Amino acid sequence: MEGGGGSGNKTTGGLAGFFGAGGAGYSHADLAGVPLTGMNPLSPYLNVDPRYLVQDTDEFILPTGANKTRGRFELAFFTIGGCCMTGAAFGAMNGLRLGLKETQNMAWSKPRNVQILNMVTRQGALWANTLGSLALLYSAFGVIIEKTRGAEDDLNTVAAGTMTGMLYKCTGGLRGVARGGLAGLTLTGLYALYNNWEHMKGSVLQPSL
């Protein structure tokens, strides 16, 4: 019986040692300091040299003479469409507010619903047309100025905004032209200031350092 027990223990110990459960083994801390002679440092997760994963070149191949950023002509479609959708959404909300206000003394019925719906569609179309027209004029002036000057900077933005305001309010005489130009100059000037705020702040802080 004792021999059988000893044999069983030896068998169990051998299986445990085979599967790594018994005996003195090496921990991860012991193996961490073992140098890998003749091998590059590899990623422990991908087993790939990390140097091959670094991208030193551009991700996309651009045609000869193409810019890395989209120009005003490419952005014009997005600008016009975005302004039309924004105007439609804002006009619909404004029409709903006006419709509820004008029909507040009426009971909920089909005539009231029709009147509110008419107000929503009318205001939505009005604001979409207004903002879409402004975006079209602004994009057209921006493309023309960019092609004329041969450069793309904030001066084109300010000039296009000023000319857009002047042309949009030209039916109001010289006073309307002046007001429209001033409004366009103010809006585009604030936009240009916002775009260059970080650069301006860095230029101001650099001499002090």
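As the structure is a computational prediction, the values presented were derived from the model and not from experiment. (Residues numbered from 1 in each chain as written. Predicted model: local features only at pLDDT ≥ 70, side-chain atom pairs only at ≥ 80, totals over all residues. Heavy atoms only, no water.)

**Some details on the pattern of salt bridges**
The final tally for this structure, using the stated rule, is one salt bridge. Asp153 is paired through a salt bridge with Arg149; the nearest N and O atoms lie 2.9 Å apart. Residue classification places Asp153 among the partly exposed residues on the basis of a relative accessible area of 31%. Exposure remark for Arg149: the relative accessible area of 39% places this residue in the partly exposed category. (Salt bridge = Lys/Arg side-chain N within 4 Å of Asp/Glu carboxyl O. Buried < 20%, exposed > 50% of the residue type's maximum accessible area, 1.4 Å probe, protein only.)

**Thoughts on helix 3 (residues 72-102)**
Relative to the 45 Å expected for 31 residues at 1.5 Å per residue, helix 3 spans 43 Å between its end C-alpha atoms, a close match to the ideal helical length. Those residues of helix 3 that are buried are in contact with helix 4 (110-149) and helix 5 (154-168). (Helix = DSSP H or I, 4+ residues; strand = E, 2+ residues; numbered from the N terminus. Expected span 1.5 Å × (residues − 1). Contact = heavy atoms within 4.5 Å.)

**Brief notes about the packing of helix 5 against helix 6 (residues 173-195)**
The geometry of helix 5 relative to helix 6 is characterised by a closest axis approach of 6 Å and an angle of 155° between their N-to-C directions. In terms of orientation, helix 5 and helix 6 fall into the roughly antiparallel class. Crossing angle aside, the handedness with which helix 5 passes helix 6 is right-handed. Counting all contacts with helix 5, which are made through Asp154, Thr157, Val158, Gly161, Thr162, Gly165 and Met166, the residues of helix 6 involved are Val177, Gly180, Gly181, Gly184, Leu185, Thr188, Gly189, Tyr191 and Ala192. When its residues are assigned to classes, the contact of helix 5 with helix 6 shows six nonpolar, nine polar and one charged. (Axes fitted to C-alpha atoms, helices over the stretch in contact; angles between N-to-C directions. Parallel < 35°, antiparallel > 145°, perpendicular 65-115°, else oblique. Left-handed = near helix turned anticlockwise from the far one by under 90°. Nonpolar A, V, L, I, M, F, W, Y, C, P; charged D, E, K, R; others polar.)

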